[in-house]
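Fold and geometry: a report
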Amino acid sequence: PTIQVCENDLIVVDIDNHMAMAEGVTIHWHGILQHDSPFMDGVGMVTQCPIQSSSTFQYKFVAKDPGSHFWHAHTGLQRSEGVFGSLIVRRSPKNEPHYGEYDFDLPEHIIMINEWQNRPLVDMFTDFQHAKGAQAADAILFNGRADSSTKDFELPVATFTVQQGFKYRFRLINTGSLFCPISVFIDDHNMTLIATDGQPFKPFVVGQIDTHSAERFDFILEANQPAGDYEILAVGEVVCEGVEQRAILRVQPNQQLLKTSGDQEVEPEMGVRSSVLFNSIPNNPKVPLGEEKDQVKSMQSLIPDDPRLEQCDRQFILDFVMTQVENTHYFDPDLYPGANDNYPAMYSSMVNNISM
């Protein structure tokens with residue numbers, strides 16, 4: 001379920017655990033910094049013990065961090081199996097820096113995308129670690145839905161409805177778990193980016209967004225095209241390469257905008273989508289060298305800098321990357337005697353080329 005609140009509302013959630021196999025569970029509130037309530041952060045074995053099977057735990061905290069966030073299980077691989085939902089914290093109009101730049105901010109315009117596998121991820125993860133299979137996805141889902149071309153199952157297509165002549169705030173959330181960047185674009189429409197991970201910045205226009213696990217982007221979509229259905233396409237990369245999914249942007253006619261000449265209606269001309277690809281994966285051949293850094297420079301925050309930053313003595317730059325590493329200790333035959341010798345190089349998160 002989605003959680004929709006206003007800034008500084010009190011959130012109270014009771015978790016009644018009936019997970020299969022008597023699994024424990026915790027819920028993390030991704031994007032909520034929990035300054036005054038770190039014990040409610042929901043990170044298993046860090047801020048709390050997992051909630052035991054057939055027991056209940058109450059999360060209670062103040063929504064001090066406005067923006068597009070999401071909640072998800074933070075125990076084992078439960079998040080990858082669908083234990084997640086959106087968490088939207090809205091500002092009041094006087095505190096919303098982009099208020100007035102769009103006409104509607106509706107709950108039905110939350111887009112949650114994630115990769116999906118047709119067998120439990122714990123099986124795939126184990127196979128991947130021991131070179132028996134690839135950690136690939138079978139499909140990408142829009143709000144848990146997919147079109148009829150999805151492998152091995154059929155679901156209704158996700159549809160997002162707008163009306164001609166209005167501007168809508170969309171909230172895009174990547175809830176995936178694998179190293180599976182998903183690129184999103186909308187036929188004949190641009191996206192005006194206004195915020196990421198809950199932080200607003202000066203708007204700028206893009207035609208395509210590469211989203212990574214847990215990233216959130218708010219954008220304004222102007223319904224300035226003729227009425228009809230337009231494809232929203234999600235394209236997987238890296239371990240999801242070759243996997244695509246579509247949803248529908250349904251533009252409904254606005255009779256007040258239609259100009260009539262005799263018996264013939266004249267509608268707006270088709271637009272051209274921007275060629276700007278934002279937030280590309282590293283070394284993406286589709287993006288010229290240097291363009292990614294220019295995009296980052298284009299993100300001018302609307303939140304004032306912490307004055308303490310002006311008084312710092314040293315500045316450190318941390319470069320976070322995913323690198324393929326051969327971990328011989330992890331694949332020590334004394335630890336895993338049943339494994340063969342065909343060990344893969346594992347994707348490992350690294351900061352300044354030091355493994356985490």
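This section reports on the structure supplied with the text. Computed from a predicted structure; not experimentally measured. (Residues numbered from 1 in each chain as written. Predicted model: local features only at pLDDT ≥ 70, side-chain atom pairs only at ≥ 80, totals over all residues. Heavy atoms only, no water.)

This paragraph deals with the sheet that holds strand β12 (residues 191-196). Across the sheet, which stays open at both edges, the six strands sit in the order β8-β7-β10-β15-β12-β13 with mixed pairing between neighbours. Strands at the two margins of the open sheet, each flanked by one partner only, are β8 (139-142) and β13 (199-206). When strand polarity is set aside, the average angle formed by the axes of neighbouring strands in this sheet is 25°. With four bridges joining them, strand β7 (residues 110-116) and β8 adopt antiparallel strand pairing. Opposite N114, over in β8, you have L141 as the bridge partner. (Pairing = 2+ DSSP bridges. Helix = DSSP H or I, 4+ residues; strand = E, 2+ residues; numbered from the N terminus. Axes fitted to C-alpha atoms, helices over the stretch in contact; angles between N-to-C directions.)

Mapped onto the secondary structure, R79 falls in the loop between β5 (67-73) and β6 (84-90). Comment: no salt bridge for buried R79; closest opposite-charge side chain is E115, at 7.1 Å. Side-chain polar atoms of R79 contact the backbone oxygen of G176, separated by 2.5 Å. Other than its neighbours up to four places away in sequence, R79 contacts F70, H72, A73, F84, T175, G176, S177, S213 and A214. (Buried < 20%, exposed > 50% of the residue type's maximum accessible area, 1.4 Å probe, protein only. Lys, Arg positive; Asp, Glu negative; His and termini not counted. Salt bridge = Lys/Arg side-chain N within 4 Å of Asp/Glu carboxyl O. Polar contact = N/O pair within 3.5 Å; in protein donor to acceptor, adjacent residues only side chain to side chain. Contact = heavy atoms within 4.5 Å.)

The element β6 is extensively covered by neighbouring structure, given that seven of its seven residues are classed as buried. Note: strand β1 (residues 3-6) against β6, four bridges, orientation parallel. Across the sheet, residue V5 finds its bridge partner in β6, namely V89. Summarising the sheet, β5 and β6 pair through six bridges and their orientation is antiparallel. Looking across to β6, one finds that S68 is bridged to I88.

We now examine the state of the cysteines. Here, disulfide denotes a covalent bond that connects the sulfur atoms of two cysteines. Within this structure, the stated rule accounts for one disulfide. A sulfur-sulfur distance of 2.0 Å marks the disulfide that ties C180 to C240. Negative torsions about the S-S bond denote left-handed disulfides, and the value of about -125° found for C180 with C240 makes this one left-handed. Here C180, found in the loop between β10 (167-174) and β11 (182-186), pairs with C240, found in the loop between β16 (228-236) and β17 (244-252); they are 60 residues apart in sequence, far enough to count as distant. Judged by its relative accessible area of 2%, C180 is buried. We classify C240 as buried; its relative accessible area is 0%. (Disulfide = S-S within 2.5 Å.)

This part is about the pattern of salt bridges. Tallying each qualifying case throughout the model produces ten salt bridges. The salt bridge involving R90 is made with D105; its shortest N-O contact spans 3.0 Å. With R90 in strand β6 and D105 in the loop between β6 and β7, this pair connects stretches of sequence that are 15 residues apart. There is no split in this pair, since R90 and D105 are both buried. For R216, the salt bridge goes to D197, with nearest N and O atoms at 3.4 Å. Note that R216 is positioned in strand β15 (residues 216-222) and D197 in the loop between β12 and β13, a separation of 19 residues in sequence.

Moving on: the nonpolar core. Grouped together as the largest cluster of nonpolar side chains are 38 residues, with contacts concentrated most on F142, F170, L193, I209, F219, I232 and L249. Setting aside residues no more than four positions away along its own chain, F142 makes contact with I111, M112, I113, A158, I232, L233, A234, Q245, R246 and A247. One finds V5, I15, W29 and M40 within the second-largest nonpolar core, a separate group that totals 18 residues. (Core = buried A, V, L, I, M, F, W, Y, C linked by side-chain atoms within 4.5 Å.)

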